[in-house]
Structure formats: C-alpha cells, structure tokens
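Given next are the chains, with one letter for each unit.
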Amino acid sequence: MKVRGLRIAAAVLLLSVLPYFAACSPREGSRTEINLLGTTCSVSVFSSRPDSVLDKAFARLWEIDKTMKYSGEESEVHLINLGAGGPGVSVSPSTLDVVERGLYYSALGNGRFDITIGPLVSLWGIGKDEEGTVPPLDEIQKALNLMGYEKVHVEGDRVRLEEAGMSIDLGGIAKGYAADEVASILKENGVESGLINLGGNVFTCGTKPDGSLWRIGVQDPTDMRGSYLGVLAVADKAVVTSGPYERFFIQDGKRYHHILDTETGFPVDNGVISATILASLSMDADGLSTLVFSLGPEAGISLIDSLDGIEALVITGDKVLYPSSGFSSHFTLLDDSFTYAP
C-alpha cells in the first residue's frame, strides 16, 4: 500500500503583526503568490510605498524562478543539464553565484549536500504530482554513479558537467538566494521592517514596526503543522528548517521522505527529524539545513560551531535537542516533552 503526503511544515510567524500595522506611519503591504520557486511565497513590508516595493520584489522572484528551476525552456539550470558532457553553458551572474555557493557547501560536507543530486531526485520523484515509489536498486546505483560535485567545473561564466547524464539541482539553495535578493531590494528601497517567507525560508528584515524582535515559531516535527516546540527572537536573520515531514510517501508501511542520502541513494536515516539554521544570509541557512540534517546531530553541530555567525538546532526522533553553542541565546523552549542532549 502506498500513501503520498505533502506537508509544508516550516518556520512561521508565531506572533501576529496585525496590531502594529496602524501604529506606524509607513503603510503595510503584503503579497502572496503560489507555485513560485516550487512553493508559496509571501512578502510583507512596512513602507511609504509598499506596492512599488512588492512589485520589485516579486519581479525578482519570478526572474530567479525562471532561470534556476530544474526544468523549463528558459531555465539556465535546464540548459546546463542538457549540455552535460559537453563544453559547458554560459549563465547569468546570479545562476553562477548560486552554483558556486552550492559547490562550496557540497565540498564543505564532503558531498553529503551535493548539487549534482539531480538524477537521484528525478528518480525518486518525491513531492511531484505522481505517486512516489521506491526505485529499483540498479537504477539508484546508476543515479549515484552520475553524481559528484567534483565533476562540476566553473570556467569564467560557463558551467560544465563532465559526464553526459549528470544534472544539477539548485532546489536546496536557490530559495535561500531568492530570499536574500528580496531582502536586498527591501533595504535598497528604505524598508526597515519586513518579513519574507518563501515556503518556510523565513527572512526577517530589521525588527517589527515597534522596534521589538520578530518571534518565529520552530515547528514541532512530531506534531501537526502549526504546532511549535519553541520560539526564536531575531532581527535581520534567516531561519530555515529541513525535515522529513515536508514531502514523503508511504510504501508497505515504511515512510520515504525527500531528503536523500548521497551515499546510499535512499532517504537519510540517521535519527534526525528536524534541522533549523539561523544565519545572516538565507542562502547559507538553506544549504546548511540540508547538510546538517544529513550529517546527523553530532557532526552537524560540530560543523556549525566551526562557522562564524551561524547557529543551529538539530532534533532527533526521541525528542532530544542538539543546539549549537549560541542557539539558546535566541531560543525559548515551550514544550517540556523535548529535552536537551547532555
């Protein structure tokens, strides 16, 4: 028996900002668009000209979606993949930036996060329109053989994949880049208070209109969407959570989620059920959330503690919390059924 599930359970606003709309001189403007960057994208701003700012923000989001999605005639990622095994493809500075940052995190985790995961993601198809199913072992091995971030070469403005059949997938980092781009647009247009939520990639621009910190709920990965185990109090920070509860299917009583292990070819199975990253850049938080989830609690937190300005919280299935050294200074635990690791 197979059951397919889709839950977008991500960091969301825990405290309503509505009471502050009338209390500040700038007007509030909000806009939401569905099925952009493969998710639901929302931007809220407090500005004297909110509509103008939102127009610029969503124009940029549409541009990034067009050039970096996995398929589509205008997608530069699609063109890179079509040209695999050839001389490479010239791409825009934006796509080049995301590819290079993706390669950085691929190397940082020794391939546990790998932008060449495209063949494996396509094979499993988890979260796509069709019902998921476990692929044959020989097909999984073929996909693994086509992977390897070391086989991606950036030469000037060209991106080259060594072998035919290879494909990159920027889905694990492009939303973070998009959030950073929108945040830059907001700041360039004088917005001192705003909130960006790209399918759970949350970016808080400045503080709330009254000058207090934004309060962002961290999803309880063992409960229904909208249940929070704690709250982060932040300003000018990105919060990104990765978890197996987002996209999955069930076959013969076993759940298969969308975060795939680049070593085994199967969904990551290391006891982790959630990894939340707090960073100044959403692209960093995006890439690291998947990488830390894949590395596991000890190795993941050890990596985060070696990086400046980035914090993390890893949660395991037995409801044990593994925070980085500075995470607790931003976080308040609300659910005493969760305990901190000794």
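It should be noted that the structure appears before, not after, this text.
Here, residues in each chain are numbered from 1, in the same order as that chain's written sequence. At least 70 in pLDDT is required for a residue's local features to be given in this predicted model, at least 80 for side-chain atom pairs to be given and counted, and no such filter applies to totals for whole chains, interfaces and linings, which use all residues. Calculation of side-chain values draws on the structure's entire complement of heavy atoms; hydrogens and water are dropped beforehand.

**Description of the overall build of the chain**
- Numbering goes from the N terminus for both helices and strands, where a helix is a DSSP run of H or I of at least four residues and a strand is a run of E of at least two. For the chain, the helix and strand inventory stands at 8 helices and 19 strands.
- C-alpha atoms define the radius of gyration, and 2.2 Å times the number of residues to the power 0.38 defines the globule rule. Here the chain has a C-alpha radius of gyration of 20 Å; the compact-globule value for 342 residues is 20 Å, and the two agree.
- The cut-offs for exposure are 20% and 50% of the maximum accessible area for each residue type, with area from a 1.4 Å probe on protein chains only; residues under the lower value are buried, those over the upper are exposed, and the others partly exposed. For the chain, buried positions account for 53% of its 342 residues.
- Taking the intrachain contacts of the chain between residues at least 6 apart in sequence as the baseline, contacts between residues at least 24 apart amount to 63%.
- Note on areas: these come from Shrake-Rupley sampling with a 1.4 Å probe, and a residue is covered only by the protein chains present in the view. Taken as a whole, the chain presents about 14500 Å² of accessible surface, with 50% of it coming from carbon and sulfur.
- Only four residue types enter the charge count, namely Lys and Arg as positive and Asp and Glu as negative; His and the chain termini do not. All charge positions are set by atom: Lys at NZ, Arg at CZ, Asp at CG, Glu at CD. Placing the 27 positive and 45 negative side-chain charges of the chain at their respective mean positions leaves the two points 4 Å apart. It only takes one pair of heavy atoms within 4.5 Å for two residues to be counted as in contact.

**Some details on the packing of helix α6 (residues 174-188) against helix α7 (residues 282-295)**
- Note on method: axes are straight lines fitted to C-alpha atoms, helices fitted across the in-contact stretch only, with angles between N-to-C directions ranging 0 to 180 degrees. At their nearest, the axes of α6 and α7 sit 7 Å apart, and the two run at 165 degrees to each other. One finds that α6 runs roughly antiparallel with respect to α7. Where α6 crosses over α7, the handedness of that crossing is right-handed. Contacts from Ala-174, Lys-175, Gly-176, Tyr-177, Ala-179 and Asp-180 of α6 reach α7 at Ser-282, Met-283 and Asp-286.
- By residue class, the composition of the contact of α6 with α7 is 4 nonpolar, 2 polar and 3 charged. Here the word oblique covers every angle except those under 35 degrees (roughly parallel), over 145 (roughly antiparallel) and from 65 to 115 (roughly perpendicular). Should the near helix be turned anticlockwise from the far one by less than a right angle, the crossing is left-handed, and should it be turned clockwise, the crossing is right-handed. Each residue gets one of three labels, nonpolar for Ala, Val, Leu, Ile, Met, Phe, Trp, Tyr, Cys and Pro, charged for Asp, Glu, Lys and Arg, and polar for the others, Gly among them.

**Some thoughts on the environment of Tyr-104**
- Looking at where Tyr-104 falls in the secondary structure, it is placed in helix α3 (residues 93-108).
- The partly exposed category is assigned to Tyr-104, whose relative accessible area is 36%.
- Residues Tyr-104 and Gly-287, spaced 183 residues apart in sequence, show a C-alpha to C-alpha distance of 9.7 Å.

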